[in-house]
Amino acid sequence: MSRINNGTLYTDSDRKPIFWERRPIPLADDDVFYQIEAKYHLQPDLLAHDLYNDTRAEWIILLFNNIENPFVDFTAGKTIRLMTPTRIKRYL
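What you see is a predicted model; the values in this text were computed from it and never measured.

Caption draft 1: Quick peek at helix 1 (residues 44-52). If you check which residues of helix 1 are buried, you get P44, L47, A48 and Y52. Around the axis of helix 1, the buried residues are gathered within 100° of arc, so they sit on the same side. Elements in contact with the buried residues of helix 1: strand 3 (32-35), helix 2 (57-64), helix 3 (70-73), strand 4 (79-82) and helix 4 (85-88). Immediately downstream of helix 1, the backbone of N53 shows phi near 55°, a positive value.

Spelled out as structure tokens, the structure:
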């Protein structure tokens, strides 16, 4: 499954990605706010595995929180918004 799953990917004639138009993921009343713990510092894949038992959810977490560079913006102490496990499965 592609990690680019919530938007439109535009490619050149050789099918190389040139532009990706992201679509926003709507908020829900059952979303929760979560402060990134030190053990998940710069590791959204580990958080995705521990919360959703699926590392593919990493990209949904990043998209949902408008994090473009997890090596800079996914830091301990930062508060992010998370979907419920049931809801995130719709995007995987």
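On we go.
Caption draft 2: Just the side chain of N65, in detail. Among the secondary structure elements, N65 is positioned in the loop between helix 2 and helix 3. Classification of N65 by relative accessible area gives buried; the value is 17%. One polar contact links the side chain of N65 to the main-chain amide nitrogen of R81, over a distance of 2.7 Å. Filtering out sequence-adjacent residues up to four positions away, N65 remains in contact with I80 and R81.

Caption draft 3: Representation of the pattern of salt bridges within the structure. If you walk through the whole model with that rule in mind, you get three salt bridges. Residues R87 and D31 are paired through a salt bridge, measuring 2.6 Å at the closest nitrogen-oxygen approach. Of this pair, R87 sits in helix 4 while D31 sits in the loop between strand 2 (17-22) and strand 3, and the two are 56 residues apart along the sequence. Summarising the burial analysis for this pair, R87 and D31 share the class buried. Note that D54 and R56 form a salt bridge whose closest N and O atoms lie 2.7 Å from each other. According to the relative accessible area criterion, D54 is buried, its value standing at 16%.

Caption draft 4: Structural view of the packing of helix 1 against helix 2. Two elements in contact, helix 1 and helix 2, have axes whose closest approach is 8 Å; the angle formed by their N-to-C orientations is 110°. Judged by the angle between their axes, helix 1 and helix 2 are roughly perpendicular. For the pair helix 1 and helix 2, the contacting residues are P44, D45, L47, A48 and Y52 in the first and A57, E58, I61 and L62 in the second. Tallied by class, residues from the contact of helix 1 with helix 2 come to seven nonpolar, no polar and two charged.

About the cut-offs
Residues numbered from 1 in each chain as written. Predicted model: local features only at pLDDT ≥ 70, side-chain atom pairs only at ≥ 80, totals over all residues. Heavy atoms only, no water. Buried < 20%, exposed > 50% of the residue type's maximum accessible area, 1.4 Å probe, protein only. Helix = DSSP H or I, 4+ residues; strand = E, 2+ residues; numbered from the N terminus. Arc of directions from axis to C-beta. Contact = heavy atoms within 4.5 Å. Polar contact = N/O pair within 3.5 Å; in protein donor to acceptor, adjacent residues only side chain to side chain. Salt bridge = Lys/Arg side-chain N within 4 Å of Asp/Glu carboxyl O. Axes fitted to C-alpha atoms, helices over the stretch in contact; angles between N-to-C directions. Parallel < 35°, antiparallel > 145°, perpendicular 65-115°, else oblique. Nonpolar A, V, L, I, M, F, W, Y, C, P; charged D, E, K, R; others polar.

Spatial relationships are all this shows, so hold off on functional conclusions.
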